[in-house]
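Structure at a glance
Below, each chain spelled out in residue letters.
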Amino acid sequence: MIRASDITPVPWKNGGGTTRQIAIFPEGANLDTFAWRISAADVGQAGLFSLFPGIDRHIVVTHGECMVLVDAADQGRRGLRRGEPFAFAGEAVLSAELPAGSIRDFNLMVRRDQGFAGELAVRHAAQRLVLSVGSAVLHCVEGVFAVLPESGPASGYRLAAGDSLLVELPAGCRSAAVDIVPEQDGAMLIDARIRKV
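This report concerns the structure included in the present document. This structure is a prediction, so every number in the text was calculated from the model and none was measured. (Residues numbered from 1 in each chain as written. Predicted model: local features only at pLDDT ≥ 70, side-chain atom pairs only at ≥ 80, totals over all residues. Heavy atoms only, no water.)

**With respect to unusual backbone geometry**
Threshold: The secondary structure listing takes helices from DSSP runs of H or I that are at least 4 residues long and strands from runs of E that are at least 2 residues long, numbered from the N terminus. Residue burial is assigned from relative accessible area. The probe radius is 1.4 Å, only protein chains are included, and a residue is buried under 20% of its type maximum, exposed over 50%, and partly exposed in between.
Cis peptide bonds are those with omega within 30 degrees of zero, and the linkage from Phe25 to Pro26 qualifies with -5°. Here Pro26 shows up in the loop between strand E2 (17-25) and strand E3 (36-43). Phi angles above zero are rare outside glycine, and Gln75 is one such case at about 60°. The residue Gln75 is located in the loop between strand E6 (66-71) and strand E7 (77-81) in this model. By relative accessible area, which is 52% here, Gln75 ends up exposed.

Laid out in structure tokens, this is it:
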């Protein structure tokens, strides 16, 4: 389990926000060597996204109202409201506008040339999740979620806002199931999956 209190925010070089790294693979990798990386960012001002050639990016606004992405290639605009996942290529030249003020977002990045693919889903209701070979990160955005795996502690795990659970299924495993149960109305959890392709 990855507790929110154990993650130190790191300021951006341009001063426009901070990032909290939640998980990275392989362990000890940096921005130049990761195969996949999950983080949360506090964005305090409009500006350009960092370029990550060869990386597929997945993002969802978790706090604040919305963010608008502007594509430099055609000036196309894409509004992202809270809880709406969006995927884009890391080499795309995008800038972010914050029409309703500061936001926090959740980010998954996977490196294409290492054969990884990723996806994000936002969960609110109690349900069973079937996990396949690869990695999954369950990140509680708001409220509290109980996570009850088929095998593991009898009491399962309790994720409060900002906490995450990393689950890895090695090659040779067929699948595993976990039940997620929100403890109050309005609870929100991000289900991030990473797999080899």
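There is more to say after this.
**Details of the sheet that holds strand E9 (residues 94-97)**
Inclusion rule: Pairing between two strands is assigned when DSSP locates at least 2 bridges connecting them.
One open sheet holds the 4 strands; their spatial order is E4-E9-E6-E7, and the pairing between them is antiparallel. Each end of this open sheet is capped by a strand with a single partner; those strands are strand E4 (47-48) and E7.

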